[in-house]
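Close look at the chain arrangement
Listed below are the residues making up each chain.
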Amino acid sequence: MVPESRLESTEHGLVPKGDGWFVLNARKARWLHGPGRSAICEFEGAFEGEQDLLQLGINLNVLEPGVPMAMYDWEADQEDFLVLAGEALLIVEGEERPLRQWDFVHCPPGAKHVIVGAGDAPCLVLAVGAHDKSTGPHWGGYSVDEAALRHGAGVEQETTDPKEAYARFPKREPTPYREGWLLG
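Computed from a predicted model, the values in this text were never measured in an experiment.

A count of helices and strands for the chain gives two helices and 14 strands. The C-alpha radius of gyration computed for the chain amounts to 16 Å, which stays within 12% of the reference 16 Å derived for 184 residues, consistent with globular compactness. Over its C-alpha atoms, taken along the principal directions, the chain stretches across nearly 50 × 35 × 30 Å. Looking at the chain as a whole, 45% of its 184 residues are labelled buried. Within the chain, counting contacts between residues at least 6 apart in sequence, those at least 24 apart form 63% of the total. About 9,900 Å² of surface is accessible on the chain, with carbon and sulfur atoms providing 53% of the total. Averaging the positions of the 16 positive and the 30 negative side-chain charges in the chain gives two centres separated by 4 Å.

As structure tokens, this is what we get:
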């Protein structure tokens with residue numbers, strides 16, 4: 001029998017501790033946010049002793065207009081995205097594609113991509129990615145792309161080091177859910 005994971009209350013919201021199943025409401029979960037960065041609810045622990053989802057990553061991202069979800073990258077596993085509310089811009093393999101509510105994006109392993117908030121209001125994106133090959137030193141990488149650079153979501157030099165790719169951004173810090181992030 002699989003045990004239930006304990007939800008621990010922190011000053012920033014609930015986090016799962018230990019292995020096992022759990023139910024966690026996004027409004028009660030701990031979020032991560034920083035100036036000029038997307039707000040993200042990862043549903044798993046980012047810190048020592050917190051549960052890590054080993055096979056599948058799933059998170060919610062709130063993107064203000066012009067704010068990238070990440071830096072233009074590719075991963076060794078597939079990633080998928082569903083726009084739950086608002087508008088966004090997908091940059092995939094150097095091409096720009098507008099996204100709106102209920103648009104689904106599939107990125108097979110190796111597909112270079114990034115999503116940037118668009119329109120005149122925040123957008124909410126559900127992101128899901130496998131954790132099979134995209135952990136460790138061969139997870140993927142950040143590629144140079146003109147469209148991504150134009151939208152503030154690109155690197156000027158290829159790298160596999162996240163610290164190098166995100167050096168110009170402030171670190172996301174733990175924060176409680178803020179009313180309005182879930183747009184409904």
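Back to the write-up after that little detour.
A few words on the side chain of Glu44. Checked against the element boundaries, Glu44 lands in the loop between strand E4 (39-41) and strand E5 (56-63). There is no salt bridge for the buried Glu44, and the closest opposite charge comes from Arg30, which lies 9.3 Å off by N-O distance. Apart from the residues lying within four places of it in its own chain, the contact partners of Glu44 are Pro16, Arg30, Gln51, Asp52, Leu53, Gly57 and His131.

Quick look at the pairing of strand E10 (residues 104-107) now. By the alternation rule, side chains of E10 split into Val105 and Cys107, which are all buried, and Phe104 and His106, of which none is buried. Relative to E10, strand E7 (residues 79-85) runs antiparallel, the two sharing four bridges. Its bridge partner being in E10, Asp80 is matched across the sheet by His106.

Turning our attention to the environment of Ala111. Assignment of secondary structure puts Ala111 in the loop between E10 and strand E11 (113-118). Take Ala111: its relative accessible area is 10%, and that puts it in the buried class. For the pair Ala111 and Thr159, spaced 48 residues apart in sequence, the C-alpha to C-alpha distance is 16 Å. Setting aside residues no more than four positions away along its own chain, Ala111 makes contact with Asp73, Trp74 and Glu93.

The tendency in soluble globular proteins is for nonpolar side chains to be buried side by side. Ranked by internal contacts, the top residues of the largest apolar core, which has 15 residues, are Phe81, Leu99, Ile115 and Val125. Going through the elements one at a time, E7, strand E8 (87-92), E10 and strand E12 (123-130) are the ones with two or more residues in this core. Beyond its immediate stretch of four places on either side in the chain, Val125 contacts Asn59, Leu60, Asn61, Leu63, Met69, Phe81, Leu82, Val83 and Ile115. Judged by nonpolar contacts, the second largest core, of 14 residues, contains Ala29, Cys41, Leu124 and Leu182.

Here the focus is the state of the cysteines. Linking two cysteines covalently via their sulfur atoms produces the bond known as a disulfide. With the rule as written, the count across this model stands at zero disulfides. Cys41 takes part in no disulfide bond, and the closest cysteine sulfur to it belongs to Cys123, at a distance of 16 Å. On the accessibility criterion, Cys41 (0% relative accessible area) is buried. As a non-bridged cysteine, Cys107 has Cys123 as the owner of its nearest cysteine sulfur, 15 Å distant.

So, how was this worked out
All residue numbers here refer to positions counted from 1 along the written sequence of the relevant chain. Reporting in this predicted model follows two pLDDT cut-offs: at least 70 for local features of residues, and 80 or more for side-chain atom pairs to be given and counted; totals over whole chains, interfaces and linings ignore these cut-offs and use all residues. Side-chain measures here rest on the full set of heavy atoms in the structure, leaving out hydrogens and waters. Secondary structure counts use DSSP, requiring at least four H or I residues in a row for a helix and at least two E residues in a row for a strand, with both numbered from the N terminus. Every radius of gyration here is taken over C-alpha atoms, with the globule rule written as 2.2 Å times N^0.38, N being the number of residues. Burial classification: accessible surface area is computed with a 1.4 Å probe over protein chains only, and a residue below 20% of its type maximum counts as buried, one above 50% as exposed, and the rest as partly exposed. Contacts are residue-level and defined by heavy atoms, with any inter-residue pair within 4.5 Å sufficient. Method for areas: the Shrake-Rupley scheme with a 1.4 Å probe, in which residue coverage is limited to the protein chains shown. The charged-residue count follows a simple rule in which Lys and Arg add positive charge and Asp and Glu add negative charge, with His and chain termini not counted at all. Charged groups are reduced to one reference atom each: NZ for lysine, CZ for arginine, CG for aspartic acid, CD for glutamic acid. Should a side-chain nitrogen of Lys or Arg be within 4 Å of a carboxyl oxygen of Asp or Glu, the pair is scored as a salt bridge. We treat two strands as partners when DSSP finds at least two bridges between them. Here, nonpolar core means buried Ala, Val, Leu, Ile, Met, Phe, Trp, Tyr and Cys residues that are tied together by side-chain atoms lying within 4.5 Å of each other. The rule for a disulfide is simple: a pair of cysteine sulfur atoms within 2.5 Å.

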